[in-house]
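Read off the chains here:
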Amino acid sequence: MKHSFPVTLTTHPKQKPADENNLGFARFFTDHMFLMDYDEGQGWHDGRIVPYEPLSIDPGSSVLHYAQMMFEGMKAYRRPDGRLQIFRPDMNVKRMSRTAERMCIPDLPEGVLVDAIEALLRVDADWMPKTPGTSMYIRPFIFGDEISFSAVAVDHYRFVIIIAPTGAYYGSFTGKLSASRIYVQDKYIRAAKGGTGYAKVGGNYGGAMRAARDAKAANCKDVLWLDAAEHKYVEEIGTCNAFFRINNEVYTASLDSGTILPGITRDSVIQLLKSWNIPVHEGKLALADVLKASEDGSLQEIFASGTAAVISPIGSLTFEGKDYQVADGQCGELADRLYNTLYGIQTGRIEDTMGWTHQFDIVVE
Ligand SMILES: Cc1ncc(COP(=O)(O)O)c(C=O)c1O
């Protein structure tokens, strides 16, 4: 059953960003947002589209103190024929369910996420950017909204979706992705076994900010996280999953420990590599082996994967004050091929033989 939602249109449309080449990442939100409420006993109810405006929230609301919240991150792309599509939304739905379970947040009814996104994109279709490399970033989130200082799950929740036209991640994309310097963080950890690492919750990100400050101070773009127990094995890079290519084989941390986020781009990269007959291992990879490979020349590539940038090549690692270069320090051939294939499928420029895209009946001329 498809859900439909009442729409209240804004009477004060905002000025749209004038320069699509300067959108940045989620800086301008559209004219409308989606809202839905949950009350114990009644379940999720009253999904609706309303003008975008500040939410009113009681200062005693538990989310502001104990962070019972969750979110997702997705993008809508405009195909060459003008039709809008999203990428593997079934995976976001599954990840939301796992996060909701971990946070004692009630799961959404089946189909609500995708139907709500479609309804919001339809109302704000004239905000869809058209310049190559741009997309519409989609941020669904749910938070416990109840006045309570008891650190237990509450009975009332709000589900919100906001969307923002977003620029090309690589601002000056000239056909070659630019490689970044990454700081190996061996003091602070992101997530431990039994924690919330596999869930998409705000606390994971707030707790990571102190570590990211070290990276910036060392003139690095982001952090390479190590495992919490031994500070020995590589896990994720900032808000992305991490891949290492050594001697023509690709390594990435497995999902078994529950400490890394099961990225949708990560899963897509693994499937593409397998379809290209490139060996890919999901398991433990010691930082020491990566550094050794950098020194003996067998480290061919490191790249990060995620919705925001798709694929980000890494040019060097900084560890204990020393720089370890990754091959020639430039974007590697696999990162380049993966970026072009994934981004091509996402934007409808490459045929989707994997069945990954979900097209809407919304055309933006
Ligand atoms: C911690 C973390 N790891 C990995 C990812 C990549 O996930 P995805 O490919 O689904 O965007 C993200 C981004 O959502 C993230 O926040």
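Residues numbered from 1 in each chain as written. Predicted model: local features only at pLDDT ≥ 70, side-chain atom pairs only at ≥ 80, totals over all residues.

**Topic: the site of the ligand**
Taken together, 13 residues surround the ligand, and among them T239, L261, G263, T265 and T307 come closest. Within the residue set of the shell around the ligand, elements represented by two or more residues are β11 (240-246), α6 (264-275) and β14 (299-306). In terms of residues, the shell around the ligand owes the most to one element, α6, which gives three residues. (Near = placed C-beta within 6 Å. Helix = DSSP H or I, 4+ residues; strand = E, 2+ residues; numbered from the N terminus.)

**Side note on the pairing of strand β12 (residues 249-252)**
Two elements, β11 and β12, share three bridges in a ladder whose sense is antiparallel. Counterpart to I246 in the pairing with β12 is E249. Adjacent in sequence and paired antiparallel, β11 and β12 are bridged by two residues, among which N247 carries a positive phi angle near 50°. Strand direction decides the pairing type here: β12 and strand β13 (residues 280-282), joined by three bridges, are parallel. Residue V250 lies in a different strand from β13, and its bridge partner there is V280. (Pairing = 2+ DSSP bridges.)

**Points about the nonpolar core**
With 91 residues, the main nonpolar core has L120, L224, V234, A242, F244 and I311 as its most contacted residues. Sorting elements by how many residues they give to this core places helix α3 (residues 112-123) first, with seven residues. Two domains each provide a minimum of three residues to this core, namely domain 1 (20-172) and domain 2 (180-330). In contact with A242, other than residues within four places in its own chain, are L224, V234, E236, I237, T252, A253, I302 and A304. (Core = buried A, V, L, I, M, F, W, Y, C linked by C-beta atoms within 7 Å. Buried ≥ 20, exposed ≤ 12 C-beta atoms within 10 Å, placed from the backbone. Domains from an automatic or database assignment. Contact = placed C-beta atoms within 7 Å.)

**Observations concerning the domain arrangement of the protein**
In terms of domain boundaries, the protein breaks down into domain 1 (20-172) and domain 2 (180-330). Residue assignment for the side of domain 1 that touches domain 2 shows that the elements contributing at least two residues are β3 (69-71), β4 (74-78) and α2 (89-102). In terms of residues, the side of domain 1 that touches domain 2 owes the most to one element, α2, which gives six residues. Considered class by class, the residues forming the side of domain 1 that touches domain 2 number nine nonpolar, three polar and six charged. (Nonpolar A, V, L, I, M, F, W, Y, C, P; charged D, E, K, R; others polar.)

**Considering helix α7 (residues 287-296)**
Residues of α7 that are buried include every one of L287, V290, A293 and S294, and no others. Projection of α7 onto a plane perpendicular to its axis shows the buried side chains occupying an angular sector of 125°, all on one side. Of the exposed residues in α7, the ones pointing more than 90 degrees away from its buried face are A288, E295 and D296. Of the residues trailing α7, G297 is marked for its positive phi of about 85°. (Arc of directions from axis to C-beta.)

**Quick look at α2**
With 14 residues, α2 extends 20 Å between its outermost C-alpha atoms, agreeing within 8% with the 20 Å of an ideal straight helix rising 1.5 Å per residue. Turning to α2, its buried residues number three or more, namely P89, N92, M96 and T99. What you see down the axis of α2 is that its buried residues fit within an arc of 75°, all on one side. On its buried face, α2 sits against β3, β4, β5 (83-87), α3, α6 and β17 (357-363). (Expected span 1.5 Å × (residues − 1).)

**Brief notes about unusual backbone geometry**
Even without glycine at this site, V310 takes up a positive phi of about 70°. Within the secondary structure, V310 sits in strand β15 (residues 310-319). Assessed through the 26 C-beta atoms surrounding it within 10 Å, V310 is described here as buried. The phi dihedral of A327 falls on the positive side, at around 50°, and the residue is not glycine. Classification of A327 by C-beta neighbours within 10 Å gives buried; the count is 21.

**A few points about the environment of Q330**
The residue Q330 is located in the loop between β16 (322-325) and α8 (333-346) in this model. Separated by 29 residues in sequence, Q330 and E301 have C-alpha atoms that sit 8.8 Å apart.

**A few points about the packing of α6 against α8**
α8 packs onto α6 with a crossing angle of 110° between their chain directions and a minimal axis gap of 11 Å. Of the possible angle classes, the one that applies to α6 and α8 is roughly perpendicular. In this structure, the crossing between α6 and α8 has a hand that is right-handed. The segment α6 lies against α8, with T265, S268, V269 and L272 engaging L338, T341 and L342. Taken together, the residues that form the contact of α6 with α8 break down as four nonpolar, three polar and no charged. (Axes fitted to C-alpha atoms, helices over the stretch in contact; angles between N-to-C directions. Parallel < 35°, antiparallel > 145°, perpendicular 65-115°, else oblique. Left-handed = near helix turned anticlockwise from the far one by under 90°.)

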